[in-house]
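Here's the letter readout for the chains.
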Amino acid sequence: METLLIPDCDVRALLPMGECIEVMEHALRSLTQGKSIVPLRTVIRLPDTPNAFACMPAVLGAGASAALGAKIITVFPGNDATPYDSHIGVVLLFDAEHGALLAIADASSVTAIRTAAVSGVATRVLAREDASELTSLGAGVLVMPHLEAVCCVRPIRRVRVWSRSAARAHEFAKRARSAHDIEVFVCETARDAVADAHVVCTITASRTPILEGKWLARGTHVNAVGASIPTARELDTEAVRMARMFVDRRESALSEAGDFLVPRSEGAITDEHILGELGELLAGKMTGRLNGDQITLFKSLGLAVEDVAAVRHIYEKARATGAGTSIALGGLRTQT
């Protein structure tokens, strides 16, 4: 039995952002319709460090055509100051007929692209149609994919970026101007970057708020992406309280989203503040933005079903184009 190894360079070539946005829409609909299984992630915290080891399994679809898989990663926040990514690992893809291991894909670009693609989905269904001003709070590995994703769904003409690392912010600005031929400005403060923005993406490693609700203009849409544990948040309580809030998955948000859990613990909001899931919006079960003045919020945690859907798409394209490297790992009984 052969398994396909798919390195990072092939992931990026086989998963263009426009395609990934469509793949994520299908995966999120499947989840909301009860056609996928996604348990809460298992995370082992390494003693006396901020580092973690995580396993996230999922089943996408049902029957012989279902995709089975898991993402297995390390999360080392301190890697921001090193040559290493903060998230390192693999996504495994199995078939649902015999349980064979079909593919092992590098998780770094899968995670970055599908995370941004889901923010693109959220922006498509929640941001104003005329949104043209994008702000990024953070200039790490997610900033270029998020720019690409938002540009896929809205006519972005100007971008502002703020980062605690001015060097990274300026490097992003240089790359963004070259790649997208748009205006890009580096701001000295997060408040300056957010002023009058139409879409704001928070993609930092901060554990305390870097976005305040009082800074947000009417009609802004926010994609809150960076924080993914109960004790960390990028948005202050007022930013969450004043927004129409949607999530990728209710169960995950109620267990893991500090951006929601901290304001709830303060008594500022209740569980009902989460109005719905992206999949419900995509299925037409509810309305996201009711008018042009409302502030909308998508809280992203990242789901294994998104990784499995992305790698199945990559695997099918790799088989068709000859990308990747096949290796024999066993799994077939040997006749004697």
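Everything discussed here concerns the structure shown above.
Residues numbered from 1 in each chain as written. Predicted model: local features only at pLDDT ≥ 70, side-chain atom pairs only at ≥ 80, totals over all residues. Heavy atoms only, no water.

**Some words on the overall build of the protein**
For the record, the criterion: Where helices and strands are cited, they refer to DSSP runs of H or I of at least four residues and of E of at least two residues respectively, numbered from the N terminus. Radius of gyration here is computed from C-alpha atoms only, and the compact-globule reference equals 2.2 Å multiplied by the residue count raised to the power 0.38. Think of it in three bands: residues with accessible area under 20% of the maximum for their type are buried, residues over 50% are exposed, and the middle band is partly exposed, with areas taken using a 1.4 Å probe on protein chains only. Throughout, a contact is declared for two residues whenever any of their heavy atoms are within 4.5 Å. Accessible surface area values rest on a Shrake-Rupley calculation with a 1.4 Å probe, where residue burial reflects the displayed protein chains alone.
Looking only at helices and strands, the protein features eleven helices and 16 strands. Computed over C-alpha atoms, the radius of gyration of the protein comes to 20 Å, within 12% of the 20 Å expected from 2.2 N^0.38 for 336 residues, which places it in the range of a compact globule. Of all 336 residues assigned to the protein, the portion counted as buried reaches 54%. Sequence-distant contacts, at least 24 apart, represent 72% of the contacts inside the protein between residues at least 6 apart. If you sum the accessible surface of the protein, you get close to 14,700 Å²; carbon and sulfur atoms cover 52% of it.

**What to know about the environment of Met-242**
Relative to the helices and strands, Met-242 resides in the loop between helix H7 (237-241) and strand S13 (244-247). For the pair Met-242 and Leu-216, spaced 26 residues apart in sequence, the C-alpha separation works out to 9.9 Å. With near-sequence residues (within four places) excluded, Met-242 lies in contact with Gly-213 and Ile-295.

**Describing the nonpolar core**
Burial of nonpolar side chains together is a common tendency in soluble globular proteins. Condition: The criterion is simple. A nonpolar core is a set of buried Ala, Val, Leu, Ile, Met, Phe, Trp, Tyr and Cys residues joined through side-chain atoms within 4.5 Å.
Core analysis: the largest hydrophobic core is formed by 54 residues, its most contacted members being Met-24, Leu-93 and Leu-278. If sequence neighbours within four positions are ignored, Leu-278 has contacts with Leu-28, Val-118, Val-121, Ala-122, Val-125, Val-247 and Phe-298. Membership of the second largest hydrophobic core comes to 29 residues, among which are Val-194, Ala-197, Val-200 and Ala-243.

**Observations concerning helix H4 (residues 143-153)**
Across the eleven residues of H4, eight count as buried, placing the element largely inside the fold. Where H4 is buried, its residues touch helix H2 (17-32), helix H3 (107-126), strand S8 (133-137), strand S9 (158-162), helix H5 (166-180) and strand S11 (199-202).

**Thoughts on the packing of H2 against H3**
Put simply, the test is: An axis is simply a line fitted to the C-alpha atoms; with a helix, the fit covers only the stretch in contact. Between two such axes, the angle follows the N-to-C directions and lies from 0 to 180 degrees. The cut-offs work like this: below 35 degrees is roughly parallel, past 145 is roughly antiparallel, 65 to 115 is roughly perpendicular, and the gaps in between are oblique. Residues were grouped as follows: Ala, Val, Leu, Ile, Met, Phe, Trp, Tyr, Cys and Pro as nonpolar; Asp, Glu, Lys and Arg as charged; and all remaining residues, including Gly, as polar.
Put simply, H2 and H3 touch, their axes get as near as 8 Å, and they point 75 degrees apart. One finds that H2 runs roughly perpendicular with respect to H3. Seen from H2, the contacting residues are Met-17, Cys-20, Ile-21, Glu-22, Met-24, Glu-25 and Leu-28; seen from H3, they are Ile-113, Arg-114, Ala-116, Ala-117, Val-118, Val-121 and Arg-124. Its residues assigned to classes, the contact of H2 with H3 shows ten nonpolar, no polar and four charged.

**Focus: the pairing of strand S7 (residues 101-106)**
Defined as follows: At least two DSSP bridges between two strands are required for those strands to pair.
For S7, a buried count of five out of six residues is recorded, marking the element as mostly surrounded by other parts of the structure. Bridge count between strand S1 (residues 2-6) and S7: three bridges; the pairing is parallel. If you follow Leu-5 over to S7, its bridge partner there is Ile-104. Where strand S6 (residues 87-95) lies against S7, five bridges are found, and the strand directions are antiparallel.

**Quick notes on helix H11 (residues 304-321)**
As a reminder, the rule being used: Multiplying 1.5 Å by the helix residue count minus one yields the expected span of that helix.
The end-to-end C-alpha separation of H11 is 26 Å, in line with the 26 Å expected for 18 residues at 1.5 Å each. Listed as buried for H11 are Ala-304, Val-305, Glu-306, Asp-307, Val-308, Ala-309, Ala-310, Val-311, His-313, Ile-314, Tyr-315 and Ala-318. Gly-322 sits one or two positions beyond H11 and adopts a positive phi of about 85 degrees.

**A word on unusual backbone geometry**
The backbone of Asp-48 sits at a positive phi, close to 60 degrees, despite the residue not being glycine. The residue Asp-181 is not glycine, and still its phi comes out positive at about 55 degrees. Residue placement: Asp-181 occurs in the loop between H5 and strand S10 (183-186). Look at Asp-181 and you get exposed, because its relative accessible area is 70%.

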